[in-house]
Amino acid sequence: MKSDYLTSKPAFYALFVFSLPIIIGNLFQQLYTMVDSAVVGRFVGEQALAAVGASYSLTVVFICVAIGGGVGSSVIVSKYFGARNFSAMKTAVSTAFLTFLGISVFLGAVGIVINRPLLVLLKTPSDALDMALVYLRIYFLGLPFLFMYNVISSMFNAIGNSRIPLVFLIFSSLLNVALDFLFVAVFKTGVAGAAWATLIAQGLSCVLSFAVFMRTLGKFKDLGDEDAAAGKDVGFCGENSCGSARSGGASFCGGRLSRGGYRKFRFFDGRELSSMAKIAIPSILQQSTVSIGMMLVQSVVNSFGSEALAGYSAFSRIASIAIVPMAALNNSMSSYTAQNIGAGKPERVVKGYRAANLMVAFFAVTLCLCIEIFYRPLISLFIGDSGSETALRTGQAALRFEGFFYCWIGFKMACDGLLRGAGDMKVFTLANLINLSIRVVVSVVCAPRFGIEWVWYSVPMGWFMNFVISFAEYRTGKWKKGL
């Protein structure tokens, strides 16, 4: 398939073809987090499952920084790709890689130093604290691999190739599963074995995917060099882009640019970093603040004891898989919107948004039916039939309730993805912060007084308000102006 299919094929078809590998890949990515929990819970014990669950709420913060940075940076790359300005695109890619490599090394070192105080602050049950510390220390050693793999995957998506990340996700997930059973079930290494399995699998996948991406990137000829040599006007309008493509050129706007508008490839460019930061920082803030909010919510759950924490951890693993299609549509809409605005086709964005909402409705109904039928065996998969009544009851109640509201997270993610792809970040950020605030405030205020159920009651409240705010911004049409 041609690399420009997001800007040329029918909207529903283009989004579906682009989203499907992301959905499958993310399912495999979630698979090894499930296996970590299931293997640890069954072969080590309920306290070990609680330890991994307590660690997960902290590691998600770092994962979301990587995802938010990668997706945010890929918006700029997508727009260059849509405009066929490949030299600038390569500069943006290189700048993103160098920036996030440095950030990941720094955060890994910080994580190793402050993991104990954070776990204590989160009220991690004392019988799970030591095991959680072991898991986190190994996890933070592998943080650069996790960061770079997520950024590389986002860059593949930016150039319209969502299939290659799928291959490496499948490879990484299957290797992780095999190593989990080998280290934990056979060698009896406990939670440390689960952490080493994840580090090894992600490390190999990162190195291999980087090699393939660099080879793929080399296939794009620098059209700016060719046009400049021929004496043609080339360039990229940057912040003053009017959002319409010049026929046959490499610019985003309809006006003509001088030859001075073209910039040759550089390994690092401060101007590109500044452009990416305008998208990436709000994206990182959105992702990480939601995760920090979830840490605060986790501290509320932790106060109910390790049995309730084990049940909630099982529910969280299943919920993270259930929202995979919605998260995939979120990332797909960002790339789809950015490429089409870069190509000067904002009308295709509207068609794509409608197609995304149809997909959301289908996924939401399917998920609700599956959860209502299989909620018992799904929770038992992690805890086992011999698990405590509190753990089973907590996990099942949370899963059944949330299953009715996945439409709201789907609608909000589709709209959020469009706004981010268009560079409309102010309302995007505000909507997600309000979402977070509702979830944290309701959980912290109501759960200790009225029961742990309020932790999951708060979730659809936040999703709904996020959607209302984002959709209102979409209706204004401001996003059509692009960056």
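Keep in mind the model is a prediction, meaning the values are calculated, not measured. (Residues numbered from 1 in each chain as written. Predicted model: local features only at pLDDT ≥ 70, side-chain atom pairs only at ≥ 80, totals over all residues. Heavy atoms only, no water.)

Quick notes on the overall build of the protein chain
Next up, step 1: Secondary structure summary: the protein chain contains 17 helices and zero strands in total.
Next up, step 2: Residues counted as buried form 62% of the 483 residues belonging to the protein chain.
Next up, step 3: Sequence-distant contacts, at least 24 apart, represent 81% of the contacts inside the protein chain between residues at least 6 apart.
Next up, step 4: Roughly 18,600 Å² of accessible area belongs to the protein chain as shown, and the carbon and sulfur atoms make up 68% of that amount. (Helix = DSSP H or I, 4+ residues; strand = E, 2+ residues; numbered from the N terminus. Buried < 20%, exposed > 50% of the residue type's maximum accessible area, 1.4 Å probe, protein only. Contact = heavy atoms within 4.5 Å. Areas by Shrake-Rupley, 256 points an atom, 1.4 Å probe, with all protein chains shown as cover.)

Things to note about the layout of surface pockets
Next up, step 1: What the second largest pocket holds in volume is close to 330 Å³.
Next up, step 2: Lining the second largest pocket are 18 residues, with L27, A322, P325, F363 and L367 positioned closest to its centre.
Next up, step 3: Those elements that place two or more of their residues in the lining of the second largest pocket are α2 (11-43), α11 (306-322) and α13 (346-383).
Next up, step 4: Per-class residue counts for the lining of the second largest pocket are 18 nonpolar, no polar and no charged. (1 Å grid on protein atoms, 1.4 Å probe; cavity = no way out; pocket = protein on both sides within 12 Å on 5 of 7 lines; lining within 4 Å. Points joined across faces, edges and corners; volume = space filled by probe spheres on them. Nonpolar A, V, L, I, M, F, W, Y, C, P; charged D, E, K, R; others polar.)

Concerning a nonpolar patch on the surface
Next up, step 1: A contiguous nonpolar surface patch, about 750 Å² in accessible area, is contributed by I112, V113, I114, L141, F171, W196, I200, L204 and L208.
Next up, step 2: Contributing elements (two or more residues each) for the nonpolar patch: α4 (86-121) and α8 (190-217).
Next up, step 3: Following the sequence through the fold, I200 ends up in helix α8.
Next up, step 4: Judged by relative accessible area, which is 32%, I200 ranks as partly exposed. (Patch = residues over 30% accessible without salt bridge, like charges linked within 9 Å, V, L, I, M, F, W, Y side chains within 5 Å. Salt bridge = Lys/Arg side-chain N within 4 Å of Asp/Glu carboxyl O.)

So, the environment of T476
Next up, step 1: Along the polypeptide, T476 turns up in helix α17 (residues 453-476).
Next up, step 2: Overall, T476 belongs to the partly exposed group, its relative accessible area being 43%.
Next up, step 3: Among the polar contacts made by the side chain of T476, one reaches the main-chain carbonyl oxygen of E473 at a distance of 2.5 Å. (Polar contact = N/O pair within 3.5 Å; in protein donor to acceptor, adjacent residues only side chain to side chain.)

Side note on unusual backbone geometry
Next up, step 1: A positive phi is found at K188, a non-glycine position, where the angle reads about 60°.
Next up, step 2: Following the sequence through the fold, K188 ends up in the loop between α7 (163-186) and α8.
Next up, step 3: Among the residues examined, K188 registers a relative accessible area of 58% and is labelled exposed.

A short note on the nonpolar core
Looking at soluble globular proteins, one finds that nonpolar side chains tend to be buried together.
Next up, step 1: Formed by 121 residues in total, the largest nonpolar core has its most connected members in M89, F213, M326, Y406, V455 and W479.
Next up, step 2: The element that contributes the greatest number of residues to this core is α13, accounting for 15 residues.
Next up, step 3: Setting aside anything within four residues of it in sequence, one finds F213 in contact with V93, F97, I152, M155, F156 and I159.
Next up, step 4: By size, the runner-up hydrophobic cluster in this structure holds 14 residues, among which are A48, Y135, V177 and A192. (Core = buried A, V, L, I, M, F, W, Y, C linked by side-chain atoms within 4.5 Å.)

Some words on the side chain of S19
Next up, step 1: Along the chain, S19 turns up in helix α2.
Next up, step 2: On the basis of relative accessibility, which here comes to 1%, the residue S19 falls in the buried class.
Next up, step 3: The residues contacting S19, other than those within four sequence positions of it, are A328, L329 and S332.

Examining the pattern of salt bridges
Next up, step 1: One pass over the full model with this rule turns up five salt bridges.
Next up, step 2: With a shortest N-O distance of 3.0 Å, R400 and E372 are connected by a salt bridge. Of this pair, R400 sits in helix α14 (residues 389-402) while E372 sits in helix α13, and the two are 28 residues apart along the sequence.
Next up, step 3: In this structure, K412 engages D416 in a salt bridge whose closest nitrogen and oxygen atoms are separated by 3.3 Å. Here K412 pairs with D416, and both are found in helix α15 (residues 406-421), just four residues apart, close to one helical turn. Like D416, K412 is buried.
Next up, step 4: Within this structure, R266, D269 and R271 form a network of salt bridges that share partners.

Some thoughts on helix α5 (residues 126-141)
Owing to its 3.6 residues per turn, the α-helix brings residues three or four apart onto one side.
Next up, step 1: Between the first and last C-alpha of α5 there are 24 Å, a value that for 16 residues agrees with the 22 Å anticipated at 1.5 Å per step.
Next up, step 2: Turning to α5, its buried residues are A128, L129, A132, L133, Y135, L136, I138, Y139 and F140. (Expected span 1.5 Å × (residues − 1).)

Let's talk about the packing of aromatic side chains
Aromatic rings in a pair are described by how distant their centres are and how their planes are angled relative to each other.
Next up, step 1: Within this structure, the stated rule accounts for 24 aromatic pairs.
Next up, step 2: Seen from their ring centres, F401 and Y457 are 4.9 Å apart, and the 50° between their planes marks the pair as tilted. Linking F401 in helix α14 with Y457 in helix α17, this pair joins segments that are 56 residues apart in sequence.
Next up, step 3: For Y457, a relative accessible area of 29% puts it in the partly exposed group. (Phe/Tyr/Trp six-rings, centres within 6.5 Å; stacked < 30°, edge-to-face > 60°.)

Some details on the packing of α14 against α17
Next up, step 1: Interhelical geometry of α14 versus α17 gives an angle of 20° and a closest axis separation of 9 Å. Here α17 runs roughly parallel to α14, going by the angle between their axes. Seen from above, α14 lies across α17 with right-handed handedness. Across the interface between the two elements, T394, A397, A398, F401 and E402 from α14 touch W456, Y457, V459, P460 and W463 from α17.
Next up, step 2: Its residues placed into classes, the contact of α14 with α17 shows eight nonpolar, one polar and one charged. (Axes fitted to C-alpha atoms, helices over the stretch in contact; angles between N-to-C directions. Parallel < 35°, antiparallel > 145°, perpendicular 65-115°, else oblique. Left-handed = near helix turned anticlockwise from the far one by under 90°.)

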